Amino acid sequence: FALRPYQKQMVVHLMAMNRFIVGDDTGLGKTVETISALCMLWRKEPDLKAIILTKKSSVPRWFAEFDRFTTGVNVILCVGGPNKRSQCREEWQNSTGPTVMIQGYSSAGNDFSELQDWEGYVLICDEATAFKSPATRTHKVCKHLSHKASRCWGLTATLIKNNPMEGYGIYRVVVPDLFRLTANGFMNNYCIV
């Protein structure tokens, strides 16, 4: 498999930036760019672990993409009931070598008490518009996990769908130091013209 030139450029950006939002349009390869960047990181840090949070319906797609484009990566689907997900988290913690756990946003919120103390992983937030509103539980969970992560990448084709405040909510999770403003301050400085 060979990346297209623009995909290679995105991998360079992801490698260079610990916190980054990939805003490529639908179908341009955000998933494969992210997997490629993870593989590059694993060449340098083979025991680095990653967590991918996504919509429940996209969990199997991520698994299929890892299966298609990688070898030797321990891919853990954190799905099912509470006991099954607990086993998945235990497997993730005890795993060595390149390891990624894929979980839906909702179940990550349900499991937050067991995830909140983990540190030093790569957090990938697919469909980052899931936490565009700072008032939601998903936003609060992702913001905490991002704070504990060594890297956080957000993936979205629609960073600003309805208004600039959605972008503010996403950036507050992925790149929290970018806008050191309250929501009102951001609104006054960037949204009111």
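Before reading further, recall that the structure is shown in the block above.
All values derive from a computational prediction rather than experimental measurement. (Residues numbered from 1 in each chain as written. Predicted model: local features only at pLDDT ≥ 70, side-chain atom pairs only at ≥ 80, totals over all residues. Heavy atoms only, no water.)

Undergrad: Quick question: what am I supposed to make of the packing of helix α1 (residues 5-16) against helix α2 (residues 30-44) here?
TA: Helix packing geometry: the angle between the two helix axes and the distance between the axes. At a minimum axis distance of 9 Å, the contact between α1 and α2 shows a crossing angle of 50°. It follows from the interaxial angle that α1 and α2 lie oblique. Helix-helix and strand crossings are classified by hand; for α1 and α2 the assignment is right-handed. Facing α1, whose interface residues are Y6, Q7, M10, V11, L14 and M15, α2 presents V32, E33, T34, S36, A37, M40 and L41. Class assignment for the residues of the contact of α1 with α2 results in nine nonpolar, three polar and one charged. (Axes fitted to C-alpha atoms, helices over the stretch in contact; angles between N-to-C directions. Helix = DSSP H or I, 4+ residues; strand = E, 2+ residues; numbered from the N terminus. Parallel < 35°, antiparallel > 145°, perpendicular 65-115°, else oblique. Left-handed = near helix turned anticlockwise from the far one by under 90°. Contact = heavy atoms within 4.5 Å. Nonpolar A, V, L, I, M, F, W, Y, C, P; charged D, E, K, R; others polar.)

Undergrad: What exactly am I supposed to notice about the layout of surface pockets here?
TA: In this structure, the largest pocket occupies an estimated 370 Å³ of space. Lining the largest pocket we find 21 residues, and of these G27, L28, G29, K30 and T31 sit closest to its centre. Going through the elements one at a time, α2 and α3 (59-69) are the ones with two or more residues in the lining of the largest pocket. Here the lining of the largest pocket gets four residues from one element, more than from any other, and that element is α3. Each residue belonging to the lining of the largest pocket can be placed in one class, and the counts come to seven nonpolar, seven polar and seven charged. (1 Å grid on protein atoms, 1.4 Å probe; cavity = no way out; pocket = protein on both sides within 12 Å on 5 of 7 lines; lining within 4 Å. Points joined across faces, edges and corners; volume = space filled by probe spheres on them.)

Undergrad: Is there a simple way to explain α3 in this structure?
TA: Structural remark: α-helix, 3.6 residues per turn; residues separated by three or four positions point the same way. The complete set of buried residues in α3 reads V59, W62, E65 and F66. Here the buried residues of α3 occupy an arc of 125° about the axis, which is enough to place them on one side. Residues P60, D67 and R68 are exposed on α3 and point more than 90 degrees away from its buried face. (Buried < 20%, exposed > 50% of the residue type's maximum accessible area, 1.4 Å probe, protein only. Arc of directions from axis to C-beta.)

Undergrad: Sorry if this is basic, but what is going on with the side chain of T99 here?
TA: Checked against the element boundaries, T99 lands in strand β4 (residues 99-104). A relative accessible area of 0% means that T99 is categorised as buried. At 2.6 Å, the side chain of T99 and the side chain of S95 are in polar contact. From its side chain, T99 meets the backbone oxygen of G97 in a polar contact 2.9 Å long. Discounting chain neighbours no more than four positions away, the residues touching T99 are W42, L48, K49, A50, N74, I76 and W92. (Polar contact = N/O pair within 3.5 Å; in protein donor to acceptor, adjacent residues only side chain to side chain.)

Undergrad: Honestly, the nonpolar core in this entry has me stumped. Any pointers?
TA: One broad trend across soluble globular proteins is that nonpolar side chains are buried collectively. In this structure, L38, W62, F66, V100, V122, I124 and W153 are the most contacted members of the largest nonpolar core, which totals 27 residues. When residues of this core are traced back to their parent elements, those giving at least two are α1, β1 (19-22), α2, β2 (49-54), α3, β4, β5 (122-125) and β6 (151-155). With six residues, the top contributor of residues to this core is α2. Beyond its immediate sequence surroundings of up to four residues, V122 is in contact with L38, L41, L48, K49, A50, I51, S150, R151 and W153. In terms of nonpolar packing, the next biggest core, distinct from the first, is built from 26 residues, I76, C88, Y121 and A149 among them. (Core = buried A, V, L, I, M, F, W, Y, C linked by side-chain atoms within 4.5 Å.)

Undergrad: Honestly, the sheet that holds β2 in this entry has me stumped. Any pointers?
TA: Think of a sheet as strands paired side by side through backbone hydrogen bonds, with each pair either parallel or antiparallel. Spatial ordering of the open sheet is given by β1-β6-β5-β2-β4-β3, a layout of six strands whose pairing is parallel. Because the sheet does not close on itself, it has two edges, and the strands there are β1 and β3 (74-77). Neighbouring strand axes in the sheet, compared pairwise and without regard to direction, differ in orientation by 15° on average. Where β2 meets β4, six bridges bridge the pair, whose relative direction is parallel. If you follow K49 over to β4, its bridge partner there is T99. On the sheet, α3 packs against β2, β3, β4, β5 and β6 and is oriented at approximately 160° with respect to β4. Of the strands in this sheet, β2, β3 and β4 are in contact with helix α4 (residues 82-94), which crosses β4 at around 155°. (Pairing = 2+ DSSP bridges.)

Undergrad: Which parts of the structure should I look at to understand the pattern of salt bridges?
TA: Working definition: two side chains of opposite charge can pair if their charged atoms are close together. Counted according to the given criterion, the structure contains seven salt bridges. Linking R180 and D177 is a salt bridge whose minimum nitrogen-to-oxygen distance equals 3.7 Å. Taking the relative accessible area as the measure of exposure, R180 reaches 67% and is therefore exposed. If you follow the salt bridges from partner to partner, you end up with R85, R89, D111 and E114 in one network. (Salt bridge = Lys/Arg side-chain N within 4 Å of Asp/Glu carboxyl O.)

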